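# Inside the fold
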Amino acid sequence: MNICVVFVGFLQRRNITCSRIFTNLNNQCDLPFLSASTYYSGFVVLKTPNYSNANLSEMKVNIINGNRILSPSLIENSCSNVVSKVQYIITYNGTSGIQNVTVTFEYTNISTDSMSLLQTFVIEFVSNPHVPSISVRSGNPGYIIGAPLLALTVKGELVPVTVLQNTANGLCTEELRTTVPFGYNMRSSCTHSFSENTANNCAQLRNESYSFLQGKSILKSLAALGNATASQTAFWAGLVYGSCAVQNEDGSESCTIPIGLDIQIVWAYVGKLSNPQAQVLGGRFLFKCKTITCCNVSTSMVTTVTFYDTTIRPVAPRGEPQINWRFPFDFFFPFKAAISGVKSHPASELYIVVLCLFTLNLTRMWHR
């Protein structure tokens, strides 16, 4: 089945891989989805969704080819110039909508004996450099459940936390990663195959494993609130790393590498009871390690994300009457004065009557 539909929303970056199935590539090398022209000719993009038939021509944005356009051709036992990756770069600004769209292609050659092909589609939105960029928020101020978990890199960049995402054939790729939504526990796994040169070098093997698990950007801290900015140091929570213990492995046929990453996020609701805000208190990246032999060039990598809610909710300020409640110190003074025979003022007698009525009413309410 060769249906590969990619739905694109405005300002929604996408990175999707799908599989194309063939029956006989000798007769199917000219299929439309293998040709680059299919992905830019015959359609246009509108600047904004608000248009009329009168200004329709002014609202159209043509798609620009970013590299050379090649057509598939059958050469001996190979179908050449087949599209393996399509990338759209959409430039926009905040007032005029989409300005231009550029498409680039990557090609590959596949054997006529192949029965399938993996194609990758990437959609990127780029802000016009003449318009101030808009920072991404995951809440204001506290996090919204399901919004991306934000982090700060060692280079001072604000980025979402991502984890590995497997491709259609279950393999790991550095490019294909999924964003971690705040408040949702996750688990992902894929198989990574090392090259023979890397597998023979323990240091390279370990560094490549770290790079695949944590991504190209090394995170320094986590955003405590959903509207944190890189310049506000007070709004960043600490991040602790637990790496593999490196032993002296010179001359050894074994190598200890990370094969899993356990991301633990501690958070809590803070602020008023009427409007609590979700805040990240800290996090830990704990790598799980394994000792492999020199000839093992393939391993399974697992990433888990766990959110721990540590909210301590205060006791409500109002509650049911307690059995150990006490009256004020001088509550019975009027009664004692009346029993002792001390002459009192008429106003004091009225005060006693009012207190008696109040006590009687309180007793009735207590026994209801």
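## Regarding the sheet that holds strand S13 (residues 186-193)
Across the sheet, which stays open at both edges, the five strands sit in the order S13-S19-S17-S18-S16 with mixed pairing between neighbours. The open sheet has two edge strands, S13 and strand S16 (239-242), and neither has a second partner. Shown here is a sheet whose adjacent strand axes are inclined to one another by a mean of 15 degrees, direction ignored. Where strand S17 (residues 254-270) and strand S18 (residues 277-293) come together, 16 bridges link them in antiparallel fashion. Across the sheet, the residue bridging to tryptophan 267 is valine 280, located in S18. Relative to the sheet, helix H4 (residues 202-214) contacts S13, S16, S17, S18 and strand S19 (298-309), its axis offset from that of S17 by approximately 25 degrees.

## A word on the confidence of the model for the chain
When pLDDT is averaged across the chain, the result is 81; 79% of the residues are at 70 or more. Per-residue pLDDT, averaged within each element of the chain, yields its smallest value for helix H5 (residues 333-340) (61) and its largest for strand S14 (residues 219-223) (93).

## With respect to the pattern of salt bridges
Scanning all chains against the criterion turns up one salt bridge. Note that glutamate 124 and arginine 13 form a salt bridge whose closest N and O atoms lie 3.7 Å from each other. Remark: arginine 13 occurs in the segment before strand S1 (14-21) and glutamate 124 occurs in strand S8 (residues 116-127); sequence separation between them is 111 residues. Looking at glutamate 124, the relative accessible area reads 26%, which means it is partly exposed. Its relative accessible area of 60% is what places arginine 13 among the exposed residues.

## Here's the deal with the state of the cysteines
Scanning the entire structure with this criterion turns up four disulfides. For cysteine 29, the disulfide goes to cysteine 79, at an S-S distance of 2.0 Å. The sign of the S-S torsion, about 90 degrees, decides the handedness of the disulfide formed by cysteine 29 and cysteine 79: right-handed. On the criterion of sequence distance, the pair formed by cysteine 29 in the loop between helix H1 (25-28) and strand S2 (45-46) and cysteine 79 in strand S6 (residues 78-93) is long-range, its members being 50 residues apart. Accessibility assignment for this pair places cysteine 29 and cysteine 79 in one class, buried. Between the sulfur atoms of cysteine 172 and its disulfide mate cysteine 190 the distance is 1.9 Å. Judged by the sign of its S-S torsion, about 105 degrees, the cystine formed by cysteine 172 and cysteine 190 is right-handed. Linking cysteine 172 in the loop between strand S11 (162-164) and strand S12 (177-179) with cysteine 190 in strand S13, this pair joins segments that are 18 residues apart in sequence. Pair check on accessibility: cysteine 172 and cysteine 190 agree, each one buried.

Conventions adopted
- Residues numbered from 1 in each chain as written.
- Predicted model: local features only at pLDDT ≥ 70, side-chain atom pairs only at ≥ 80, totals over all residues.
- Heavy atoms only, no water.
- Pairing = 2+ DSSP bridges.
- Helix = DSSP H or I, 4+ residues; strand = E, 2+ residues; numbered from the N terminus.
- Axes fitted to C-alpha atoms, helices over the stretch in contact; angles between N-to-C directions.
- Contact = heavy atoms within 4.5 Å.
- pLDDT = per-residue confidence, 0-100.
- Salt bridge = Lys/Arg side-chain N within 4 Å of Asp/Glu carboxyl O.
- Buried < 20%, exposed > 50% of the residue type's maximum accessible area, 1.4 Å probe, protein only.
- Disulfide = S-S within 2.5 Å.

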